[in-house]
Amino acid sequence: MACLLVATFLAGCGTSAPPASPRVGNARVTLRLAAVEIGRSVRGRPIRARVIGERTAAAKVLVVGCVHGNERAGKAITRALRAGPASRGVALWLVDEFNPDGCAAGTRQNARGVDLNRNSPWHWRPLDPPGGLHYAGPRALSEPESRAVNRLVRRLRPALTIWYHQHAALVDASGGEPAIERRYARLVGLPFKAFGTFPGSITSWQNATFPGTTAFVVELPAGRLRRSAVARHVAAVRTLIRELPVPHRRARARRGLHEPVTDG
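Parameters and conventions
One numbering rule holds for all chains: residues counted from 1, following each sequence as written. Restriction of local features to residues with pLDDT of at least 70 applies here, the model being predicted, together with a cutoff of 80 or more for giving and counting side-chain atom pairs; totals for whole chains, interfaces and linings are based on all residues. To obtain the side-chain values, all non-hydrogen atoms of the structure were included, while hydrogens and water were left out. Only the stretch in contact is used when fitting a helix axis, every axis being a line fitted to C-alpha atoms; angles between N-to-C directions are given from 0 to 180 degrees. Strands here mean DSSP runs of E at least two residues long; helices mean DSSP runs of H or I at least four residues long; both are numbered from the N terminus. Small angles under 35 degrees read as roughly parallel and large ones over 145 as roughly antiparallel, with 65 to 115 read as roughly perpendicular and the rest as oblique. The handedness criterion is simple: a crossing whose near helix is rotated anticlockwise from the far helix by less than a right angle is left-handed, and one whose near helix is rotated clockwise is right-handed. Contacts are residue-level and defined by heavy atoms, with any inter-residue pair within 4.5 Å sufficient. Any residue under 20% of the maximum accessible area for its type is buried, any over 50% is exposed, and the rest in between are partly exposed; the area is computed with a 1.4 Å probe on protein chains only. Here, any two strands with at least 2 DSSP bridges between them count as paired. A clockwise course of the path from the first strand over the helix to the second, judged with the strands pointing away from the viewer, identifies a crossover as right-handed. Aromatic contacts are taken between Phe, Tyr and Trp rings whose centres are within 6.5 Å, Trp giving its six-membered ring; a plane angle under 30 degrees counts as stacked, one over 60 as edge-to-face, and the others as tilted. Lining residues are defined by having an atom within 4 Å of a point belonging to a cavity or pocket. Those points lie on a 1 Å grid over the protein atoms alone, cavities being sets where a 1.4 Å probe fits but cannot get out and pockets being open sets with protein on both sides within 12 Å along at least five of seven lines. Grid points are joined across faces, edges and corners, and a volume is the space filled by probe spheres set on the points. Each residue is assigned to one of three groups, with Ala, Val, Leu, Ile, Met, Phe, Trp, Tyr, Cys and Pro labelled nonpolar, Asp, Glu, Lys and Arg labelled charged, and all others, Gly among them, labelled polar. Working rule for helices: expected span equals 1.5 Å times residues minus one. Salt bridges, as used here, are contacts in which a Lys or Arg side-chain nitrogen is within 4 Å of a carboxyl oxygen on Asp or Glu. Confidence of the predictor at the level of single residues is captured by pLDDT, which takes values from 0 to 100.

This part takes up the packing of helix α3 (residues 144-156) against helix α5 (residues 202-209). With their axes 12 Å apart at the nearest point, α3 and α5 run at an angle of 30 degrees to one another. Classified by the angle their axes make, α3 and α5 are roughly parallel. Seen along the crossing, α3 lies across α5 with a hand that is right-handed. Facing Asn150, Val153 and Arg154 of α3, the residues of α5 in contact are Trp205, Gln206 and Thr209.

Among the eight residues in strand β5 (residues 59-66), eight count as buried, and that is most of the element. The pairing of β5 with strand β6 (residues 90-97) spans seven bridges and is parallel. In the sheet register, Lys60 faces β6, and the bridge partner there is Ala91. Tracing the backbone out of β5, into helix α1 (residues 75-81) and back to the parallel element β6 gives a crossover that is right-handed. Relative to strand β7 (residues 160-172), β5 is paired through four bridges, and the arrangement is parallel. Paired with Val64 across the strands is Trp163, a residue of β7.

Below, the discussion takes up the packing of aromatic side chains. Counted according to the given criterion, the structure contains three aromatic pairs. When the centroid spacing of 6.0 Å and the interplanar angle of 65 degrees are considered together, the rings of Phe98 and Trp163 count as edge-to-face. Highlighted residues: Phe98 in the loop between β6 and α2 (100-105) and Trp163 in strand β7, separated in sequence by 65 residues. Here the aromatic rings of Trp205 and Phe210 are separated by 5.7 Å at their centres, their planes lie at 85 degrees, and the arrangement is edge-to-face. For Trp205, a relative accessible area of 5% gives the class buried.

A cis amide bond, omega 15 degrees, links Gln166 with the succeeding residue His167. Structurally, the position occupied by His167 is in strand β7. The phi torsion at His123 lies on the positive side, around 50 degrees, for a residue other than glycine. Within the secondary structure, His123 is located in the loop between α2 and α3. His123 sits in the exposed class, given a relative accessible area of 56%.

Further remarks concern empty space enclosed by the protein. Applying the stated criterion across every chain yields a total of two cavities of 30 Å³ or more. By volume, the largest cavity amounts to about 70 Å³. Around the largest cavity, the lining residues are Phe98, Leu116, Asn119, Ser120, Leu141, Ser146, Val149, Asn150, Ile202 and Trp205. Ranked by the residues each element gives to the lining of the largest cavity, the list is headed by α3, at three residues. Looking at the lining of the largest cavity, its residues break down into six nonpolar, four polar and no charged.

Before going further, it helps to spend a moment on α3. Taking 1.5 Å per residue as the helical rise, α3 with its 13 residues ought to reach 18 Å, and the 18 Å between its terminal C-alpha atoms agrees with that figure. Among the 13 residues that make up α3, ten are buried, leaving the element largely enclosed by the rest of the structure. Residues of α3 that are buried include every one of Pro144, Glu145, Ser146, Ala148, Val149, Asn150, Arg151, Leu152, Val153 and Leu156, and no others. After α3 finishes, the residue Arg157 shows a positive phi value of roughly 45 degrees.

Let us look at the side chain of Thr161. Take Thr161: it is sitting in strand β7. Setting aside its immediate chain neighbours within four residues, Thr161 contacts Leu62, Gln206, Thr214, Ala215 and Phe216.

Attention now goes to the pattern of salt bridges. The final tally for this structure, using the stated rule, is ten salt bridges. The residue Glu37 makes a salt bridge to Arg40 at a minimum N-O spacing of 3.0 Å. Note on Arg40: relative accessible area 42%, which makes it partly exposed. Residue Arg108 pairs with Glu71 through a salt bridge whose shortest N-O separation is 3.5 Å. A residue pair is termed long-range when its members are at least 10 positions apart, and Arg108 in the loop between α2 and α3 and Glu71 in the loop between β5 and α1 qualify at 37 residues. Overlapping salt bridges bring together Arg50, Arg79, Arg82 and Asp96 as one network.

Attention now moves to the confidence of the model for the protein. This prediction gives the protein a mean pLDDT of 84; 80% of its residues lie at or above 70. Segment residues 1-31 is flagged for pLDDT under 50; beyond a separation of four residues in sequence, or across chains, it makes 74 contacts in the model. Every residue in residues 251-264 scores below 50 in pLDDT, and together they form 30 contacts with partners more than four places removed in sequence or on other chains.

Right, dumping it as structure tokens:
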């Protein structure tokens, strides 16, 4: 049973308690929280998120380093973002590997050969046959990894989500707020263009399901990122967080994430 908890409730998932938190003004801010297990892969590997920021932040930001297991460069960015600093009013959720089995094997697909970025509910339809590059699975959300991330996004409703892929070296016009996507492209020095829309796309599902939020894809270049490139992307993420519209920082201020999410 997957368990998703924040702040003091992390201990209930078998994780360690978060470290003591410094104060920023009158608010106590957690710079780094213990890892949160949001689900398990086909082969039972944990899918973990790390949360940086206020325990009851008004706005949530989600950054995912690796979706396809042969496109792993984004993990360097999510790992670098763990170093903080926290942004007041924002909880930053970092998922290094959405597809841990594929990352371990170096394959685009998960352990059942499913392209997880064709397995979301958005216009899902069968694509390639089993064994094909874009095999979408037998049905939408057939895969435990897809269900775990779907639950996470539904719980967080992130104001901003960034999904890292490779190897096209561009920022995709993904259907969120174009000004935000274009801003990121300028900050990191990548072209901003439409890369195409695909049935079962997670990003397209987010933008269609949660109007007023922005999810977009960053296609990194092939190979490992240089340290200077990682620094540019980290700085760009932090800039977008600082520039989040004020309503996102105020919305749901009293709600937080206190209840566990279980896999029914």
